[in-house]
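Here is what each chain is made of, one letter per residue.
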Amino acid sequence: MLGNFTYHNPTKLYFGEKALEGLNKELPKYGPVVMISYGGGSIKKNGIYDEVMAVLKKNGKTVVEDPGVMPNPTTEKLYEGVKLAREHKVDFILAVGGGSVCDYAKAVSVSVHCKEDPWTRYYLNQKEPECEIVPVGCVLTMVGTGSEMNAGSVITDHEKKLKIGHVFGSEVMPKFAILNPTFTYTVPQYQMVAGFFDIMNHITEQYFSDFDDSTSDYIMEGLMRSLIHSSRIAVKNPKDYEARSNIMWIATWALNTFVAKGKTTDWMVHMIGHSVGAYTNATHGMTLAAVALPYYRFIMKDGLHQFVKFAKNVWGVSSEGKTDEEIAAEGLAAMEAWMKEIGLVMNISDLGATKDMIEGIADGVFILSGGYRKLTREEIVEILKESL
């Protein structure tokens, strides 16, 4: 392992079919007014809403409802949530949903007491909060983002066609997260497999960096093998508890900063995917799936050592009689076959992107990718053309 680092993650996890019982232990720690943020109403159909509300009432909380958090939460929704939280003087925000709801809750938490425009301060200017932060907890209903145990928050400005993430400090991380795998059973198949690739890409964007013998790489290889195995089971039987519980646990550890230790990381696929999403409003995991292979094939020659390890240790590619280039290419081909097997979108045109959007998407990527892997605008355009 190279480099110097500190690891700290303050989020407490409650995992398993009885995980919601942990809410009774956590709620007494916070004030009486709780804002519950959730999406389009699926939690009311599957019964999760009633279960959560029962616990809130049992703990004597005054509940402020904040429904309608959309996938790719918008600046308009952020302002709406901030206004609601201010009006009711909320003490705590409980996000009940997937990564978008968790991301949104964190964005609201740092904005309630902020005297500046939060989109400008936190997203355009990437400044840190200096105000009081409203604490957040998560009840997870869809896996993929790892937002339940990290400080990331992604917000979209559709008017300006910008989708920007901010990774805040540990003070913004959820105080706790409730991880009941059965809560993910009713997620539609399309969203489920999109989440699977979000997990995979979180790992590969950390894995395909640096060349030392890193313990983090060994951990990531195990996580990826487990994900591949469990995803194949889950697409055939979405209610297979063992598969769904493994995937939920993998998703959390894929992006809670743990496996990034000792790694420089490379988040360029996310930058490209975010820009595609800003133009198409497509599902996040699908935008990543559509651009990942063209990008990885583009950078493979620069990180050949890692791509060879990936092929051999994750996909079981034999090295006998093959060059390193052939081994690495076979590993990416194996990943492509798995992606098609589980039903991922493989090009951005299927997500609504067109040739005349390429230049604008590339401009967005170039703006967002400062501090990440350095690509020229022309290289980004070529990758996007390969993704069509």
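To keep things clear, this report deals only with the structure shown in the data block. (Residues numbered from 1 in each chain as written. Predicted model: local features only at pLDDT ≥ 70, side-chain atom pairs only at ≥ 80, totals over all residues. Heavy atoms only, no water.)

**A closer look at the overall build of the protein**
This is how the line gets drawn: The numbering of helices and of strands both runs from the N terminus, where a helix is a DSSP run of H or I of at least 4 residues and a strand a run of E of at least 2. Both definitions apply: the radius of gyration is a C-alpha atom measure, and the globule rule equals 2.2 Å times residues to the power 0.38. Here the term buried applies to any residue with accessible area under 20% of the maximum for its type, exposed to any over 50%, and partly exposed to those in between, with areas from a 1.4 Å probe on protein chains only. In what follows, a contact means two residues having at least one pair of non-hydrogen atoms within 4.5 Å. Shrake-Rupley sampling with a 1.4 Å probe provides the accessible areas, and residues are treated as covered by the protein chains on show and by no other component. Counting rule applied: Lys, Arg positive; Asp, Glu negative; His and chain ends not counted. For this purpose, a charge sits on NZ of Lys, CZ of Arg, CG of Asp or CD of Glu.
Counting its regular elements, the protein contains 15 helices and 8 strands. Over its C-alpha atoms the protein spans a radius of gyration of 20 Å, differing by no more than 12% from the 21 Å that the globule rule assigns to 388 residues. Overall, the protein is about 70 × 45 × 40 Å in size when its C-alpha atoms are taken along their principal axes. When the 388 residues of the protein are sorted by exposure, 58% land in the buried category. Taking the contacts inside the protein whose residues are at least 6 apart along the sequence as the reference set, 78% of them involve residues at least 24 apart. In the structure as shown, the protein presents an accessible area of about 15,800 Å², 52% of it carried by carbon and sulfur atoms. Measuring between centres, the 39 positive side-chain charges of the protein sit 5 Å from its 47 negative side-chain charges.

**Observations regarding the packing of aromatic side chains**
Put simply, the test is: In summary, the pairing rule links any two rings of Phe, Tyr or Trp, Trp by its six-membered ring, whose centres are within 6.5 Å, and it sorts them by plane angle into stacked for under 30 degrees, edge-to-face for over 60 and tilted for everything else.
What the rule picks out here adds up to 19 aromatic pairs. Here Y122 and F168 contribute two aromatic rings whose centre-to-centre distance is 5.5 Å and whose plane-to-plane angle is 75°, an arrangement assigned as edge-to-face. Taken as a pair, Y122 in helix α6 (residues 118–124) and F168 in the loop between β7 (162–167) and β8 (176–179) lie far apart in primary sequence, 46 residues in all. Between Y123 and F168, the aromatic rings sit 6.5 Å apart at their centres with planes inclined by 85°, giving edge-to-face as the arrangement. In this pair, Y123 sits in helix α6 while F168 sits in the loop between β7 and β8, placing the two residues 45 residues apart along the sequence. We classify Y123 as buried; its relative accessible area is 2%. Since its relative accessible area comes to 6%, F168 is described here as buried.

**So, the environment of S147**
As a reminder, the rule being used: Think of a polar contact as two N or O atoms within 3.5 Å of one another; within protein, one of them needs to be a possible hydrogen donor and the other a possible acceptor, and neighboring residues in sequence only count if both atoms come from side chains.
Inspection of the secondary structure assignment puts S147 in the loop between β5 (136–140) and β6 (152–157). Each C-alpha atom, one on S147 and one on G98, is 8.3 Å from the other, the two residues being 49 residues apart in sequence. Other than its neighbours up to four places away in sequence, S147 contacts G99, C102, D103, K106, G152 and P174. In terms of polar contacts, S147 uses its side chain to reach the side chain of D103, at 2.6 Å.

**Section: the sheet that holds β5**
Strands belonging to one sheet form pairs held by backbone hydrogen bonds; the direction of such a pair is parallel or antiparallel. For clarity, the threshold we go by: The pairing criterion for strands is at least two bridges between them, as found by DSSP. Between N-to-C directions, angles span 0 to 180 degrees; the directions come from axes that are lines fitted to C-alpha atoms, helices contributing only their stretch in contact.
On the basis of which strands lie adjacent, the open sheet formed by 6 strands has the order β1-β8-β5-β4-β2-β3 and parallel pairing. Edge positions in the sheet fall to β1 (12–15) and β3 (62–66), since each has one partner strand and no second. Neighbour to neighbour, the strand axes of the sheet diverge by 20° on average, direction disregarded. Relative to β5, strand β4 (residues 92–97) runs parallel, the two sharing 5 bridges. Residue pairing across strands places G97 opposite L140, the latter belonging to β5. The sheet strands contacting helix α5 (residues 99–109) are β2 (33–37), β3, β4 and β5, and the helix crosses β4 at an angle near 165°. Each of β1, β5 and β8 touches helix α9 (residues 241–254); the most contacted strand, β1, lies at about 170° to it.

**Quick word on helix α8 (residues 215–236)**
Which entries qualify depends on this criterion: The span expected for a helix works out to 1.5 Å for each residue beyond the first.
A rise of 1.5 Å per residue sets the reference length of α8, with its 22 residues, at 32 Å; its end C-alpha atoms lie 33 Å apart and thus fit the reference within 8%. Within α8, the full set of buried residues consists of S216, D217, M220, E221, L223, M224, L227, I228, S230, S231, A234 and V235. Looking at the buried residues of α8, the elements they touch are α7 (189–207), α9, α12 (304–315) and α13 (324–342). Capping of α8 at its N-terminal end is provided by S214; its side-chain oxygen lies 3.1 Å from the backbone amide nitrogen of S216.

**Topic: the packing of helix α11 (residues 284–299) against helix α15 (residues 377–387)**
Inclusion rule: To sort the angles, those under 35 degrees are grouped as roughly parallel, those over 145 as roughly antiparallel, those from 65 to 115 as roughly perpendicular, and the leftovers as oblique. The hand of a helix crossing depends on one turn: near helix anticlockwise from the far one by less than a right angle means left-handed, and clockwise means right-handed. Ten residue types, Ala, Val, Leu, Ile, Met, Phe, Trp, Tyr, Cys and Pro, are classed as nonpolar, four, Asp, Glu, Lys and Arg, as charged, and the remainder, Gly among them, as polar.
The contact between α11 and α15 brings their axes to 8 Å, and the two run at 130°. Taken together, the axes of α11 and α15 are oblique relative to one another. Crossing angle aside, the handedness with which α11 passes α15 is right-handed. Across from A290, V291, P294, Y295 and F298 in α11, the residues of α15 making contact are E379, I383, E386 and S387. Each residue belonging to the contact of α11 with α15 can be placed in one class, and the counts come to 6 nonpolar, 1 polar and 2 charged.

**So, the pattern of salt bridges**
Stated precisely, the cut-off is as follows: Here, a salt bridge means any side-chain nitrogen of Lys or Arg that lies within 4 Å of a carboxyl oxygen of Asp or Glu.
Under the definition given, this model contains 14 salt bridges. A salt bridge links K29 to E26; its shortest N-O distance comes to 3.1 Å. Classification of K29 by relative accessible area gives exposed; the value is 53%. A salt bridge links D157 to K160; the shortest N-O distance between them is 3.8 Å. Of the residues examined, D157 reaches a relative accessible area of 5% and is grouped as buried. Each of D66, K77 and E80 takes part in a single network of salt bridges with overlapping partners.

**Some points on the nonpolar core**
Put simply, the test is: Definition of nonpolar core: a set of buried residues of the types Ala, Val, Leu, Ile, Met, Phe, Trp, Tyr and Cys, connected through side-chain atoms within 4.5 Å.
Ranked by size, the top nonpolar core spans 109 residues in total, and within it Y296 and M335 carry the most contacts. With 10 residues, α11 is the single largest residue contributor to this core. Discounting residues that sit within four places of it in the chain, M335 has contacts with M200, L293, Y296, F310 and W315. Membership of the second largest hydrophobic core comes to 23 residues, among which are L27, V34, Y38 and M53.

**What to know about the side chain of K263**
Along the polypeptide, K263 turns up in the loop between α9 and α10 (268–280). Classification of K263 by relative accessible area gives buried; the value is 9%. Among the polar contacts made by the side chain of K263, one reaches the main-chain carbonyl oxygen of Y207 at a distance of 3.4 Å. Excluding its chain neighbours within four sequence positions, the residues that come into contact with K263 are Q206, Y207, S209, D210, S214, S216, D217, M220 and Q306.

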